[in-house]
Every structure is written in C-alpha cells, then in structure tokens.
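What follows is each chain in one-letter form.
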Amino acid sequence: MAGLSLASPALAEGGGGGGGFELIFIVVMMVVFYFFLIRPQTKRAKEHRELVSALAKGDEVVTSGGILGKVNKVSDDYVVMEIAPNLEIKVQKHAVQATLPKGTIKSV
C-alpha cells in the first residue's frame, strides 16, 4: 500500500509534460521521409515519363534489360527497335530506360 501512495504523486507530476516533443519528432520524421524518399522518387518518375513520351524514330536507346537498339517505329504502348542489321524486336515503351547519344551503338 505504501508503494502505491509513493508512486501516485510521481505519476501525477510528470504525466503530462512530454507530448510536445513526440509531436515535433513525428513531424521532423515526416519531413525527412519526404525529402529523402518521396521527392526523389517522384522526380525520377517524372523524368522517365518525359523520356518515354519524347521517344522518336532514330533514337538510340537502352532497355531495362540492357538491350541496345535504334528506334524504328513508335506506337502508343510499344517501340520497335533494331538491335542488329535486319533484326527488330518490339518492346514496351516503359521498358526503355535511357536514350543514348547518336553513334553510341556503332562505338560499342
């Protein structure tokens, strides 16, 4: 019984003082997540959308699987690429990872 009476005043005095720090900590963590995770990911997604929408005949590209080729035809969802003389493949536009400078395929 004596232990309960000693613990009660300590709980009553210190019970309500720490709520502000925890709220600030949560807000700071949300800001950190935004700047280090969410913002860069949305920036990369926007750049990839712009790259895919700007594909044109004659562009030299590399796919996400590592295939180098020259774009011969562009449709709504697919790109026809020439990967060797007289050898064409059809890939999805979103599989194109990057465009290359002109002449890259000949130098490889």
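Located above this text is the structure these notes cover.
Reading the values: the criteria
Residues numbered from 1 in each chain as written. Predicted model: local features only at pLDDT ≥ 70, side-chain atom pairs only at ≥ 80, totals over all residues. Heavy atoms only, no water. Helix = DSSP H or I, 4+ residues; strand = E, 2+ residues; numbered from the N terminus. Buried < 20%, exposed > 50% of the residue type's maximum accessible area, 1.4 Å probe, protein only. Core = buried A, V, L, I, M, F, W, Y, C linked by side-chain atoms within 4.5 Å. Contact = heavy atoms within 4.5 Å. Expected span 1.5 Å × (residues − 1). Bend = angle between axes of the 7 residues up to and from the residue. Salt bridge = Lys/Arg side-chain N within 4 Å of Asp/Glu carboxyl O. Pairing = 2+ DSSP bridges.

**Notes on unusual backbone geometry**
Right, on to step 1. Phi at Asn86 is positive, roughly 60°, even though this residue is not glycine.
Right, on to step 2. Tracing the backbone shows Asn86 in the loop between β3 (78-84) and β4 (87-92).
Right, on to step 3. Take Asn86: its relative accessible area is 79%, and that puts it in the exposed class.

**A look at the nonpolar core**
Nonpolar side chains in soluble globular proteins generally cluster together in the buried interior.
Right, on to step 1. Counting residues in each nonpolar core, the largest one holds nine residues, listed as Leu51, Val52, Leu55, Val61, Val71, Val79, Met81, Val91 and Val96.
Right, on to step 2. Every element with two or more residues in this core is listed here: α2 (19-53) and β3.
Right, on to step 3. Setting aside residues no more than four positions away along its own chain, Met81 makes contact with Val61, Thr63, Ile67, Leu68, Gly69, Lys70, Val71, Leu87, Glu88, Ile89 and Val91.

**Things to note about α2**
Right, on to step 1. With 35 residues, α2 ought to run about 51 Å at 1.5 Å a step, and its terminal C-alpha atoms sit 49 Å apart, in line with that.
Right, on to step 2. Roughly 40° is the biggest bend found in α2, and it falls at Tyr34.

**A word on the pattern of salt bridges**
Right, on to step 1. This structure, assessed with the given rule, holds one salt bridge.
Right, on to step 2. A salt bridge links Asp59 to Lys102; its shortest N-O distance comes to 3.7 Å. With Asp59 in the loop between α2 and β1 (60-63) and Lys102 in the loop between β5 (96-100) and α3 (104-107), this pair connects stretches of sequence that are 43 residues apart.

**Some remarks on the pairing of β3**
Right, on to step 1. Direction of pairing for strand β2 (residues 68-74) relative to β3: antiparallel, over a ladder of four bridges. Among the inter-strand pairings, Lys73 is bridged to a residue of β3, identified as Val80.
Right, on to step 2. Linkage of β2 to β3, two consecutive antiparallel strands, is achieved through a turn of three residues.
Right, on to step 3. Sheet topology places β3 next to β4; six bridges connect them, and they run antiparallel. Within the sheet, the bridge partner assigned to Met81 lies in β4 and is Ile89.
Right, on to step 4. Counting the residues between successive antiparallel strands, the hairpin from β3 to β4 contains two residues, one of them, Asn86, with a positive phi of roughly 60°.

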